[in-house]
Protein chains: 2
Amino acid sequence: LYILISHMVLPPSQVYNVFVLCAFRLYLLYNHWALKVLLYFFILVNLSLAIFEEPALVSLPTWATMLVELLCLLVFTIRLVHYAKVIPREKFWKDPKNICIIVLTLMDMIIYGGLKAANLYGVRWSRVLRPLLLINVTEGRQLRRAFRSIRNALPEVSSVFVLFIFSVLMFSLMALKLLSKRDLKTIEGASYFTNYLEIVFDLYVLVTTANSPDIMMPAYNANSMFALFFILYILVNTYIFMSVFLAVVFNNYKKHLKEEIRQLVRAKRHKMARAFGVLQEQREEGGPPVVSHENWSKLVQQARPDISNAHRELLWRVCDDGNQDFIGKVAFVQLADLLNIEVITLKSRPHPLQSLIPSFYESKPSRLLCRVVQHRGFVITFDLIILVNAVFIGLDEENPLISNSEWAFLALYVLEILLKLYVFEPRAFFSKHSFWNWFDTIVVIAALIATIVNSALKSSGGYTSRQVLDIVFILRVFRLIRVVDSIKRFRAIINTLIRIGPAILTFGQLILVVYYVFAMVGMELFKNKVKFYEDINNPEKAYCGNPLLKGSTFAQLSYCKNNFNNVVSSFILLLELTVVNQWHDILYTVNHFTHKSALIFFVLFHVMVVIIIINIFVAFVLEAFFVEYSVGKGDLQTSLERKIEELELAVAQEKLEDNLVNAMETIDNDLGSGQSPTANLPSLLFKVASKRYRTVDALLQRMFEADLDPEDFAENDIPEDQAGNFENPTFGVA
Amino acid sequence: LYILISHMVLPPSQVYNVFVLCAFRLYLLYNHWALKVLLYFFILVNLSLAIFEEPALVSLPTWATMLVELLCLLVFTIRLVHYAKVIPREKFWKDPKNICIIVLTLMDMIIYGGLKAANLYGVRWSRVLRPLLLINVTEGRQLRRAFRSIRNALPEVSSVFVLFIFSVLMFSLMALKLLSKRDLKTIEGASYFTNYLEIVFDLYVLVTTANSPDIMMPAYNANSMFALFFILYILVNTYIFMSVFLAVVFNNYKKHLKEEIRQLVRAKRHKMARAFGVLQEQREEGGPPVVSHENWSKLVQQARPDISNAHRELLWRVCDDGNQDFIGKVAFVQLADLLNIEVITLKSRPHPLQSLIPSFYESKPSRLLCRVVQHRGFVITFDLIILVNAVFIGLDEENPLISNSEWAFLALYVLEILLKLYVFEPRAFFSKHSFWNWFDTIVVIAALIATIVNSALKSSGGYTSRQVLDIVFILRVFRLIRVVDSIKRFRAIINTLIRIGPAILTFGQLILVVYYVFAMVGMELFKNKVKFYEDINNPEKAYCGNPLLKGSTFAQLSYCKNNFNNVVSSFILLLELTVVNQWHDILYTVNHFTHKSALIFFVLFHVMVVIIIINIFVAFVLEAFFVEYSVGKGDLQTSLERKIEELELAVAQEKLEDNLVNAMETIDNDLGSGQSPTANLPSLLFKVASKRYRTVDALLQRMFEADLDPEDFAENDIPEDQAGNFENPTFGVA
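Residues numbered from 1 in each chain as written. Chains lettered and ligands numbered in written order. Predicted model: local features only at pLDDT ≥ 70, side-chain atom pairs only at ≥ 80, totals over all residues. Heavy atoms only, no water.

Per an unreviewed UniProt entry, chain A goes by Two pore segment channel 3 and derives from Poecilia reticulata. In the Subcellular location (unreviewed entry) part of its UniProt record, chain A is described as follows: "Membrane". (UniProt positions renumbered as here; feature names shortened; annotations may be inferred.)

### A few points about the overall build of chain A
Helices and strands together make up the secondary structure of chain A, namely 35 helices and four strands. With 734 residues in all, chain A has 54% of them scored as buried. In chain A, the proportion of contacts linking residues at least 24 apart, taken out of those at least 6 apart, comes to 76%. Carbon and sulfur atoms make up 64% of the accessible area of chain A, which totals about 32,900 Å². (Helix = DSSP H or I, 4+ residues; strand = E, 2+ residues; numbered from the N terminus. Buried < 20%, exposed > 50% of the residue type's maximum accessible area, 1.4 Å probe, protein only. Contact = heavy atoms within 4.5 Å. Areas by Shrake-Rupley, 256 points an atom, 1.4 Å probe, with all protein chains shown as cover.)

### Considerations on the relation of the copies chain B and chain A
Copy one and copy two of the chain differ by a rotation about an axis and a translation along that axis. Relative to chain A, chain B is turned by 180 degrees and slid 0.0 Å along the rotation axis, the superposed coordinates differing by an RMSD of 0.1 Å. The superposition operator between the copies reduces to a two-fold rotation axis. When you check the interface residues of chain B against chain A, 100% turn up at the interface there too, and the contact is symmetric in its surfaces. (Least-squares fit on C-alpha atoms with pLDDT ≥ 70 in both.)

### Structural notes on the confidence of the model for chain A
Residue and element names in this part refer to chain A. For chain A, the mean per-residue pLDDT works out to 76, and 78% of the residues sit at or above 70. Low pLDDT (under 50) marks residues 1-16, which in the prediction has 39 contacts with non-local residues, meaning those over four places away or in another chain. Low pLDDT, under 50, characterises residues 713-734; the predicted model gives this stretch 71 contacts beyond four residues in sequence or across chains. (pLDDT = per-residue confidence, 0-100.)

### Some thoughts on the interface of chain B and chain A
Contact with chain B, which involves 87 residues of that partner, is made by 87 residues of chain A. Both sides of the chain B and chain A interface together cover about 8,300 Å² of buried area, and 70% of this is carbon and sulfur. Our count for the contact surface shared by chain B and chain A stands at two salt bridges. In this structure, Asp470 of chain A engages Arg182 of chain B in a salt bridge whose closest nitrogen and oxygen atoms are separated by 2.7 Å. Here chain B and chain A share 18 residue pairs in polar contact (both at pLDDT 80 or more) between them. Of all the secondary-structure elements, those providing two or more residues to the side of chain B that touches chain A are helix H8 (141-179), helix H10 (217-222), helix H11 (226-279), helix H19 (376-394), helix H23 (466-480), helix H24 (488-499), helix H27 (567-579) and helix H30 (599-630) of chain B. The element that contributes the greatest number of residues to the side of chain B that touches chain A is H8 of chain B, accounting for 13 residues. For the side of chain B that touches chain A, a count of residues per class yields 56 nonpolar, 17 polar and 14 charged. (Buried area = accessible area lost by both parts, 1.4 Å probe. Salt bridge = Lys/Arg side-chain N within 4 Å of Asp/Glu carboxyl O. Polar contact = N/O pair within 3.5 Å; in protein donor to acceptor, adjacent residues only side chain to side chain. Nonpolar A, V, L, I, M, F, W, Y, C, P; charged D, E, K, R; others polar.)

### Regarding the sheet that holds strand S1 (residues 281-282) of chain B
All names here are of chain B. A sheet is described by the order of its strands in space; here three strands give the open sequence S1-S2-S3, paired in antiparallel fashion. Looking along the sheet, the strands with just one partner apiece sit at the ends: S1 and strand S3 (326-327). Two elements, S1 and strand S2 (residues 289-292), share two bridges in a ladder whose sense is antiparallel. Within S2, the residue paired with Glu281 across the bridge is Val290. Lying over the sheet, helix H12 (residues 293-303) contacts S1, S2 and S3, oriented at roughly 60 degrees with respect to S2. (Pairing = 2+ DSSP bridges. Axes fitted to C-alpha atoms, helices over the stretch in contact; angles between N-to-C directions.)

### Here's the deal with the packing of helix H27 (residues 567-579) of chain A against H11 of chain B
It is at 12 Å that the axes of H27 of chain A and H11 of chain B come closest, and there the two elements cross at 25 degrees. The angle between H27 of chain A and H11 of chain B places the two elements in the roughly parallel class. The handedness of the crossing between H27 of chain A and H11 of chain B comes out as left-handed. In this structure, H27 of chain A uses Ile572, Leu575, Thr578 and Val579 of chain A to contact H11 of chain B, whose residues at the interface are Ala227, Ile231, Ile234 and Tyr239 of chain B. Its residues assigned to classes, the contact of H27 of chain A with H11 of chain B shows seven nonpolar, one polar and no charged. (Parallel < 35°, antiparallel > 145°, perpendicular 65-115°, else oblique. Left-handed = near helix turned anticlockwise from the far one by under 90°.)

Pasting the structure below:
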């Protein structure tokens, strides 16, 4: 945004010539949403090639996948060239990662093609590089930041990790000395705790609690005192060390994130200060330079055309606190933050039916209906209906009474939505912030469609599609979730969870990148070691098609599908390894067929995903909840709210509650998008959506606001991320 | 301390009469360490009665245990009467918990005795109350605080828990609808996901990851798409909800702890202000009241007789910053905090050998020796020796070369300690803060004794005692831990861990109390359901002496010893349940023999221990590390250090490093307890042990110092804990 603003401002000043204007168009084109979507699409295509390449889920000839990959590379190259045109040359060459990826991939494709043509064995090693494009090429600022915080946390994490490994080694040595001479046997009859390296691995697995208490049982059965050893081990390594890992990761994550946000905010303010420099004029002789209302309005209009005039006027009033018709530097610089505060504009529109057939809508029975729907009892009634529905869903649907009752419930839900639409202004009911209204309507309509399709299929051919039925079932259960929203305590938790949703998506990408890399490597190393047979009668099913697995725990637990034979099963296997339980059994195969050094692959995965990424995830959720619990409103938010109140444009809360008898609260948790036709309010109202932020960056800035100095415009310390990255060209203004 | 001070001060003032003096003696007696130790001893005896009562580890007749318990009760009653004498009557009756416990226990004993005499079945239900004495009767302020924070966190935790259970129920319903009709089978051939309640239990277990991926495999083998359901489930319930639990527990814990500490500090300041009121005098006409140096010195001398005159003088200088020979109220009130800062007093004593045989000690070879021992190379050499030792320990000790090498290593370690004692002043070497010196010496001497005993036993009868050998092995491995101290990065982590050690002990007590209660209940409910047979040839061993368990996973994994047959195995079983893995297999017995409602016992245990207590533990470790990372020195500490420097009494760091060539750092991580005979320093030096606190309370106060106002003496808000508890009588002063 602020880049946009600073560039928006530039054309009026006379310093810049046609060349700049042309470059500016190129820049706008570069940031056009369609090109971005196209780029994401090709990255997705490139990533999903793994489904079709050997070892494949759906086999395609090599030339086909290669051709698609070439196309993707072409698109990335064009994007890169476009980028090179947009940013200064020296900045472009500072970050050659993307060029490297493209060149390396091309090289690999040529080598692999050559080897294939000569019928030699080749490895497509460049597939590991593909997910890096997701980090590097795209708008992945959040993702890059997450990776940077991992990189920054590494030194401290590794020093704790070395200490932790030292502790594991010491305990293993002690176990070797205490237990190896006692001739104990595991349940499989193997010798117990006699080989040092095996002890180390077993105890490492015990840290993840995956083989507890099995690993302890032989020693414990021999003598109760040995339990003490394992208790001490679990206390030290599982509880204390794992907490220390979380603490170190959390602390580093927070520290570096704070530093980055600080630099980002400084860079933003610095840019805003420069924009101020362009727009400024001298009102009084010798007075400080100011920006006039007119210029400011033009700027905001260009930067955020979606903002209503009234809203813009409101923001001006906040900036221009003294009603001087101009603002100083500090107030101007706030603008970007001010635009990030989500203000809900409420138009007190009459219900369309009221305008169409006022005599009917205003009649006594209609008014009574409105009052009934707005009553708390209405919500409670429907909550009860949902509960009854839940019981009916749980019962056997073969019973005709119960399968028919589904129609009754659907009718009730549709009725509920229609009633609400009758009472509340439809545009307000379906406003952007009414999550639960949207949720309700979509689920009910989808369920209605799916149920109709299902019964149509059934009555036409007596055939019931399993897929359609599954969707019907899922939608039915989804409907029940709505109960949660009626209970205030739950709503707060759910809202926090919904709010951190976008950030969780960042972690999703992070996990995707790491999984992809490990899946590619794993598929090369372990493909087709075990096989899964759909056919139950196949005798090879009992040992996963590998005679070495005869009688192993792996085969006994029918884990055959946990393999690296295609990209989907690899991902699921990696997820199982992330959950950690039974991972030693899953690794059984590796442990026994391939070189033991392959275990390094899995330990590396464990350290990377379980110790680092999961801990960062936990740290993020913790931090988000702490912010939720402890942070009040920001300074700017408060001044905005105060101004709204001063101007008497606030949604009068008491009035609303008075009129709507609490129903408001249950209709929309933001108190304000549903408008009662009876409320006698000004025609335009504002409400600050206090805990919503337009971007993740704004949320992060809010988290660390206490540590940021609002008067800090210093030029130095512009972070690298700002200075030289692909998707955020700083576009040589100076 | 501050109570002591305020009472110490009271006698000189003439308001109090002989009665008060007598009560004061009673109070001192009540707080006498011997009586406290006695009380703890009897609590321990009372708790350990569980070993001898049915179901017993070591059987004793019922009358014997009853007699011992009566004795314990008698002791507690005497203590309670003593307490009643010490505190005002109304305060005593405000907290009747202890009286209740004693009366209920007596009642239970009488009933049980009567039932036993009549040969009827009786349950000793009052055993559940025993651990409550540990919370209530003793000096368990930390423990009570931990319990209070659990109680305070309960409402919020339970609202998240209800939401979590709702989510589990919804997912279970979806699983029932999606999977029950597909005729899937588990590996045991049972029907899969057909019973709603079983699904709920299975999915609840999946949250703990204990049955992952087994529970998923049948569905996943049938269709890969079902893996999506489980992935979503694990993401929502295991990762997100468990993080939310941690966040809620952490947040509540911190909030309430902060509030308690705030109140405690206010109460302390208020008491100090009252003490000031007693001691104050008017120096100048109309000036503020002050306390003279003389009175202050008397007070400190009485309150802390262990403080040296020089140290006291130093503290006075800090308080009396303007050298006025009197201090005002604010400076006086700081005293308690000031006394809590640990100041290391260094006496630059010459080495005893230097005084005895100076000509020899000061000779050239002797000086060379000193320099060698102080050299960094000396430490590195011994680290290398330790590593070689580690390899030797790992090798087979049957080899005579290796078993004899042990003597060489022991000799080397003894030599190292003797050399260090030759070079460094022994009292400084064994000062209170030299953790590693103590650790080294004790381990080496113990290993020496154990090795001698072992070889004596061996040579005398050719018989090697397994126990002695085990101890020898453990001590050998312990010696290796020393390596950690040489590496600076590790030292910081280890020191933090050592520092939070006492607080971890509080959690130990907490766990003990909860485990004890659950063990007592569990023993009554599940005793002798499964049996463990030491004898391998006993045919009943295969099914744990219970025909119902034939062919069960429980018996196959030889989990027979995981039972509630005595208090020790109950504790170990509960620990296994805390670690969570395989708990569904451990519960197999319960699930199949007894009424299913017994599962409630285990779910309750899981919620209580895993969700709440373990999370509080993690929260505490996190907080301690955050404090370690982010908190600098406190204000008072800084002013104390500044004063030490002003008075040129500081341990001159450069000088030390100059002289001791870094050896200092490796000898004692507090830089200062080891004194070089060659250092030419003032005879008395001080150093603030910056991150050590005398009490857990002081550490907590430091944690939240930023939120406490130093000028806040308000009288109100004296916390209940201060006002009316057993071990901290406020002793009606007013």
